[in-house]
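An overview of the molecular structure
Here are the chains, one letter per residue:
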Amino acid sequence: QAAQKGGFKHFMLKEIMEQPQVIQDGIAGRIDDATQEVVLDEIADLPIPGRLHIIACGTSFHAGLWAKYLIEEWARIPVQVEVASEFRYRQQVFQEGDLALAISQSGETADTLAGMRIARENNLPIVGLCNVVGSSVARESDGTMYTQAGPEISVASTKAMCSQMVALLLLAIAWGRKKGTLSAEAAQQLTGQLQRLPHTLSTELERMRHAAQRLATQFSKARSFFFLGRGLGSPLALEGALKLKEISYIHAEGYAAGEMKHGPIALIDSEFPTFALAPQDSLLPKVGSNLQEVQARGGKIIALTHPGTDIPSDERWEVPQMGSALDSFLFLPALQLFAYEMAVYLGKDVDQPRNLAKSVTVE
Ligand code: G6P
């Protein structure tokens, strides 16, 4: 096992650090060298959806929530994202042109497979996005996009989400280009940024780890945490909270920052810190005013942000700005590393957290 961990103390850390390679592998063969256009042969025969239903669980569900923003913005396709355990039992209203997209690292999650069967019974074409070749999700899809992340051993999923986000970003670009809602120039800019991402991330990860270690020693006594974000930062906040509770057993809630004032803010005091996602984008002033409200109630703030932003915080954690959707690929490992270092500091069994299974194959 020590050899498999490649010199890292835990599989989780190894898998977090593999993300530059995961991005590289996820785009390999999917961007045309000459035209810079996205090419997804796996789903070339499937129709462009009129409406998309994303079905997934856990971390894969968060990747789906994240993708909704991109697919709606670039391809102008309405997207519904739902946890599979609800999707499968709801009285769905399907219509002509609907397509289902199942996201699953393992390809064996029982609820996700059941959701796919509902889609199948209703004659929806199904795209599967999964990591394990030949898995049930792959076999039961009309077209399968593999995420090419390699085996993920740690129960808490990390690199799988990164690989799903790469594939979903490519899918959003591909559909946007086919529909004509995304210009060739905008697509080229995105694919160019994506190609530069592995290099940037690999030069940053070690620094990010040190930042996470420092914050973990400072915040390890907290019994509860909020994770807040807006836009693409909102699903990432959910994922940051999930990672922290999964492996450190610290209570954490992820919220769309604008929802705080509708209840959760009642919990804020000096013992209840907030981890804020505050990228330099059009929503930054809104996140900033949410954080002022937190600070006014004595809440401590860790702000994951870009250089030059002006926002309330007790601890600033700066990462380089990549631009729009690409920023998520630096924010995600920061959240993962924070959870990881908190769990290590607290002496938890990082790779085998209590009560959790890597793949939930029963309902
Ligand atoms: C389990 C794992 C999670 C994972 C979820 C969905 O709960 O512990 O890490 O996100 O299943 O798994 P899937 O393989 O369908 O992505």
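These numbers come from a predicted model, not from an experiment.

Now for the overall build of the protein. In terms of helices and strands, the protein carries eleven helices and ten strands. Relative to the 2.2 N^0.38 estimate, which gives 21 Å for 363 residues, the radius of gyration of the protein is 20 Å and therefore close to what a compact globule would have. Seen along its three principal axes, the alpha-carbon backbone of the protein occupies a region of about 55 × 45 × 45 Å. Across the 363 residues of the protein, 52% fall into the buried class. In the protein, the proportion of contacts linking residues at least 24 apart, taken out of those at least 6 apart, comes to 74%.

Let us look at the sheet that holds strand S10 (residues 315–318). Strand order in the open sheet formed by five strands is S7-S6-S8-S9-S10, with parallel pairing between adjacent strands. Each edge of the sheet is formed by a strand with only one pairing partner; in this case those strands are strand S7 (251–256) and S10. Within this sheet the neighbouring strands show an average axis-to-axis angle of 20 degrees, counted without direction.

The immediate surroundings of the ligand are formed by 17 residues, with Gly-58, Thr-59, Ser-104, Ser-106 and Thr-109 found nearest. Among the elements that make up the shell around the ligand, the one with the highest residue count is helix H3 (residues 58–75) (three residues). Looking at side-chain class alone, the shell around the ligand contains six nonpolar, ten polar and one charged residues.

Look at Gln-148: it is not a glycine, yet its phi comes out positive at around 55 degrees. Tracing the backbone shows Gln-148 in the loop between strand S5 (143–146) and helix H7 (159–179).

The next thing to look at is the confidence of the model for the protein. Averaged over all residues, the pLDDT of the protein is 96; the fraction at 70 or higher stands at 99%. The ipTM assigned to the predicted complex is 0.98, against a pTM of 0.97.

Along an α-helix, residues three or four positions apart point the same way, because every turn accommodates 3.6 residues. With 18 residues, helix H11 (residues 328–345) extends 26 Å from end C-alpha to end C-alpha; this agrees with the ideal 26 Å at 1.5 Å per step. With 17 of its 18 residues buried, H11 lies for the most part within the structure. Remark: Gly-347 follows H11 within two positions and exhibits a positive phi of approximately 75 degrees.

What follows covers the nonpolar core. Counting 122 residues, the largest nonpolar core has Ala-172 and Ala-276 as its most contacted members. Ranked by residues supplied to this core, first place goes to H7 with 14 residues. In contact with Ala-172, not counting residues within four places along its chain, are Ala-67, Leu-70, Ile-71, Trp-74 and Ala-75.

Turning to the sheet that holds strand S2 (residues 79–83), a few remarks are in order. Pairing within the open sheet is parallel, and its five strands lie in the order S2-S1-S3-S4-S5. On the outer flanks of this sheet lie S2 and S5, each paired with one strand and no other. Each strand of the sheet is rotated relative to its neighbour by a mean of 20 degrees, with strand direction disregarded. Of the pairings in the sheet, the one linking strand S1 (residues 51–56) to strand S3 (residues 98–104) comprises six bridges and is parallel in character.

Note on placement: Gly-26 falls in helix H2 (residues 19–27). Residue classification places Gly-26 among the buried positions, given that 26 C-beta atoms sit within 10 Å. For Gly-26 and Leu-170, which are 144 residues apart along the polypeptide, the C-alpha to C-alpha distance reads 9.3 Å. Dropping the residues within four chain positions of it, Gly-26 is found in contact with Thr-147, Gln-148, Ser-163, Val-166 and Ala-167.

Moving on to the packing of H7 against helix H8 (residues 184–219). The geometry of H7 relative to H8 is characterised by a closest axis approach of 11 Å and an angle of 160 degrees between their N-to-C directions. Classified by the angle their axes make, H7 and H8 are roughly antiparallel. Of the two elements, H7 crosses H8, and the hand of that crossing is left-handed. Listed contacts from H8 to Leu-169, Ile-173, Gly-176 and Arg-177 of H7 are Ala-187, Leu-190, Thr-191 and Leu-194. A breakdown of the residues in the contact of H7 with H8 according to their chemical character gives five nonpolar, two polar and one charged.

Below, the discussion takes up the environment of Glu-108. Locating Glu-108 in the fold gives a position in the loop between S3 and helix H5 (110–121). The sequence separation of Glu-108 and Gln-352 amounts to 244 residues, and the corresponding C-alpha distance is 19 Å. When residues no more than four places from it in sequence are discounted, the contact partners of Glu-108 are Ser-135, Ser-136, Ser-359 and Thr-361.

Okay, the packing of H8 against H11 next. In contact at an axis separation of 8 Å, H8 and H11 are set at 35 degrees when each is read in the N-to-C sense. Handedness of the crossing formed by H8 with H11: right-handed. Here Leu-197, Leu-201, Glu-204, Leu-205, Met-208, Arg-209, Ala-212, Gln-213, Leu-215, Ala-216 and Thr-217 of H8 come into contact with H11, specifically with Phe-329, Leu-330, Pro-333, Ala-334, Leu-337, Phe-338, Tyr-340, Glu-341, Met-342 and Tyr-345. When its residues are assigned to classes, the contact of H8 with H11 shows 16 nonpolar, two polar and three charged.

The subject of this paragraph is the environment of Leu-46. As for its placement among the helices and strands, Leu-46 is situated in the loop between H2 and S1. Taking the C-alpha atoms as reference, Leu-46 lies 47 Å from Glu-315; in sequence the two are 269 residues apart. Beyond its immediate sequence surroundings of up to four residues, Leu-46 is in contact with Pro-125, Val-127, Asp-142 and Gly-143.

What counts, and at which threshold
- Residues numbered from 1 in each chain as written.
- Predicted model: local features only at pLDDT ≥ 70, side-chain atom pairs only at ≥ 80, totals over all residues.
- Helix = DSSP H or I, 4+ residues; strand = E, 2+ residues; numbered from the N terminus.
- Rg over C-alpha atoms; globule rule 2.2 N^0.38 Å.
- Buried ≥ 20, exposed ≤ 12 C-beta atoms within 10 Å, placed from the backbone.
- Contact = placed C-beta atoms within 7 Å.
- Pairing = 2+ DSSP bridges.
- Axes fitted to C-alpha atoms, helices over the stretch in contact; angles between N-to-C directions.
- Near = placed C-beta within 6 Å.
- Nonpolar A, V, L, I, M, F, W, Y, C, P; charged D, E, K, R; others polar.
- pLDDT = per-residue confidence, 0-100.
- Expected span 1.5 Å × (residues − 1).
- Core = buried A, V, L, I, M, F, W, Y, C linked by C-beta atoms within 7 Å.
- Parallel < 35°, antiparallel > 145°, perpendicular 65-115°, else oblique.
- Left-handed = near helix turned anticlockwise from the far one by under 90°.

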